[in-house]
Amino acid sequence: MTSTADVDRAVDPARTPPPRRATWAALRPLVLRLHFYAGILIAPFLLVAATTGLLYALSFQIEKVVYQHELTAPVGQTRLPLSGQIDAARKAHPQGTITSVRPAAEPGETTRVLFDQPGLPESTQMAVFVDPSTGQVRGELASYGGSGALPVRAWISELHRRLHLGEPGRIYSELAASWLWVVALGGLALWLSRRRRSGGRLRGLFTPDRAATGSRRTLSWHGSVGLWAVVGLLFLSATGLTWSKYAGENIGDLRAAFGWQTPSINTGGGGHAGHSGSDAPAAGSPDAGIDQVVTAAAGKGLSGPLEIVWPAKPGGAYVVKEIDKTVPERLDQVAVSPAGQVVGELRFADYPLAAKLTTWGIDAHMGLLFGLVNQIVLAALAAGLIALILLGYRMWWRRRPTRGFGRPYPRGTWRAVHWAVLAPLVVVALVVGYFLPLMGISLAVFLVIDVLLGLRARAAR
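A few points on the structure. Keep in mind it's a predicted model, so treat the numbers as computed, not measured.

**Topic: the packing of helix H9 (residues 214-241) against helix H13 (residues 371-398)**
Direction vectors running N to C along H9 and H13 enclose 145°, while the axes themselves pass 8 Å from each other. The chirality of how H9 crosses H13 is left-handed. For the pair formed by H9 and H13, the contact residues are Gly-214, Ser-215, Thr-218, Leu-219, Trp-221, His-222, Val-225, Gly-226, Ala-229, Gly-232, Leu-233 and Leu-236 on the first element and Leu-378, Leu-381, Gly-384, Leu-385, Leu-388, Leu-391, Gly-392, Arg-394, Met-395 and Arg-398 on the second.

**A word on the sheet that holds strand E6 (residues 318-322)**
The 8 strands are arranged E4-E3-E2-E1-E5-E6-E7-E8 in an open sheet whose pairing can be described as antiparallel. On the outer flanks of this sheet lie strand E4 (137-144) and strand E8 (342-346), each paired with one strand and no other. The average undirected angle you get between the axes of adjacent strands in this sheet is 20°. Sheet topology places strand E1 (residues 97-102) next to strand E5 (residues 306-309); 2 bridges connect them, and they run antiparallel. In the sheet register, Val-101 faces E5, and the bridge partner there is Ile-308. The strands touched by helix H5 (residues 82-92) within the sheet are E1, strand E2 (111-116), strand E3 (124-130), E4 and E5, with E2 carrying the most contacts at an inclination of about 50°. In the packing of helix H11 (residues 290-299) onto the sheet, contacts are made with E5, E6, strand E7 (333-336) and E8, and the angle to E6 comes to roughly 50°.

**Remarks on the packing of aromatic side chains**
Taken as a whole, this structure holds 12 aromatic pairs when the rule is applied. On the basis of an interplanar angle of 75° and a centroid distance of 5.5 Å, the ring pair of Tyr-56 and Phe-60 is categorised as edge-to-face. Remark: Phe-60 and Tyr-56 occur in helix H3 (residues 43-66); sequence separation between them is 4 residues, near one turn of the helix. The pair formed by Tyr-56 and Phe-60 is uniform in burial state, with each residue classed as buried. The interplanar angle of 85° and the centroid separation of 5.3 Å between the aromatic rings of Tyr-434 and Phe-435 together place this pair among those described as edge-to-face. Three or more aromatic residues joined by ring pairs make a cluster, and in this case those are Phe-36, Tyr-37, Trp-179 and Phe-446. Sitting over the ring of Tyr-246, Lys-245 keeps its end group 5.6 Å from the ring centre.

**Here we look at the nonpolar core**
The biggest cluster of nonpolar side chains holds 38 residues, and the ones touching the most others in it are Trp-179 and Leu-233. Sorting the residues of this core by element identifies helix H2 (23-41), H3, helix H7 (170-197), H9, H13 and helix H15 (437-460) as the ones contributing at least two each. Element by element, the count of residues in this core is highest for H7, at 9 residues. Beyond its immediate stretch of four places on either side in the chain, Leu-233 contacts Leu-180, Ala-184, Leu-381, Leu-385 and Leu-388.

**A word on the environment of Val-294**
Of note, Val-294 is situated in helix H11. C-alpha separation for the pair Val-294 and Ile-308, spaced 14 residues apart in sequence, amounts to 8.0 Å. In this view, Val-294 contacts Leu-82 and Ile-308; residues no more than four positions away in its chain are not counted.

**A look at helix H10 (residues 246-257)**
Its 12 residues give H10 an end-to-end C-alpha distance of 17 Å, which sits within 8% of 16 Å, the value for a rise of 1.5 Å per residue. All of the buried residues along H10 are Ala-247, Gly-248 and Asn-250. In an axial view of H10, the angular spread of the buried residues amounts to 160°, which keeps them on one side of the axis. Taken from the residues just after H10, Gly-259 is the one with a positive phi, measuring 70°.

Parameters at a glance
Residues numbered from 1 in each chain as written. Predicted model: local features only at pLDDT ≥ 70, side-chain atom pairs only at ≥ 80, totals over all residues. Heavy atoms only, no water. Axes fitted to C-alpha atoms, helices over the stretch in contact; angles between N-to-C directions. Helix = DSSP H or I, 4+ residues; strand = E, 2+ residues; numbered from the N terminus. Left-handed = near helix turned anticlockwise from the far one by under 90°. Contact = heavy atoms within 4.5 Å. Pairing = 2+ DSSP bridges. Phe/Tyr/Trp six-rings, centres within 6.5 Å; stacked < 30°, edge-to-face > 60°. Buried < 20%, exposed > 50% of the residue type's maximum accessible area, 1.4 Å probe, protein only. Lys NZ or Arg CZ within 6 Å of the ring centre and 35° of its normal. Core = buried A, V, L, I, M, F, W, Y, C linked by side-chain atoms within 4.5 Å. Expected span 1.5 Å × (residues − 1). Arc of directions from axis to C-beta.

Structure (structure tokens):
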């Protein structure tokens, strides 16, 4: 006699527990559905991040062109002492107080004297550019953040990070970075498994199938481009999360717990480098002058490009930093007292490995670590990600139904996954969702949408 349950299963096959299969055969539909929903719903955020990221990769060269007059000066036969260059900047810009100086590192460059003055936005200073040979002031511009970005690059950077929406704008970039690694790894697994099942040669993994047509041709290009870009996309996701609001705070707490923080220099009791509210130390002891400070730093092996940061407290130490972030990097620091004595040293070679990796990762993400080559690679990655997203939408558009998001892969396949595999996956998802909160929330939204679509489909039958 046929039971009611048997009739229900015959009418609705999705209610029939599927047979147990090999792990990947059971997981593949789950990965397909996740890749599908992330592609449809998260791809717009990724597209914006990739487009603004492409613009940022080009911003270094744009900055050099737009501000060529301020950044360059005729090569002279002689060079004024740094103190004379600073005096020229102070005369041209009497308001505000000096916070740091970046001497010209190469012939034809200008010296950058940075002032703190009222009315500027947070983390913004006024940079005065001085010809090191003549003392002529070539111009002044707002300088943003520790990287010293000038207005054009700073505007592009803010567009990439926050869309000029302030703190709420960081949500978009964090959501994109949180999902990029998941989409990339899922796509890699699907592409490799598809080629293995179809018996494709290794060459077919890296190059599109030119003989294919229609959707197969689009998929071939999507998979090949993704395979070339996957390592770079994983890198951008991991390093991008360090700047994020919620995940970034969790990463910072994790680094602090394991002692992976970037060390700071001991300035010999004078406090960390910063702005003291006056142009020169005043603690009773004579100030040997900025030229002697640079000479003392040179005696410890520091060479340009340099940044000399004014003391945080009256009578405190100057901090002289190497700021060459290209390989081989020069990032050593020394603290020099007003009397010209070196009172503290911090060598990049002594950084913990995790701090070095963090520095290298951030510098590479910003296009600094390998200079122009780094920027070209970033631009290629951004263009590749844009192509992947557009190809993905093209595939969805070709196979879309009349209504809804498209035809994702069948529901209920998770029941074919053995509990010994499914349970750890659930735990991993919960842990990742905790450390990457926006990803956890959006994943929950995906599940709700999927359930609602399933209920609607069942009610329509």
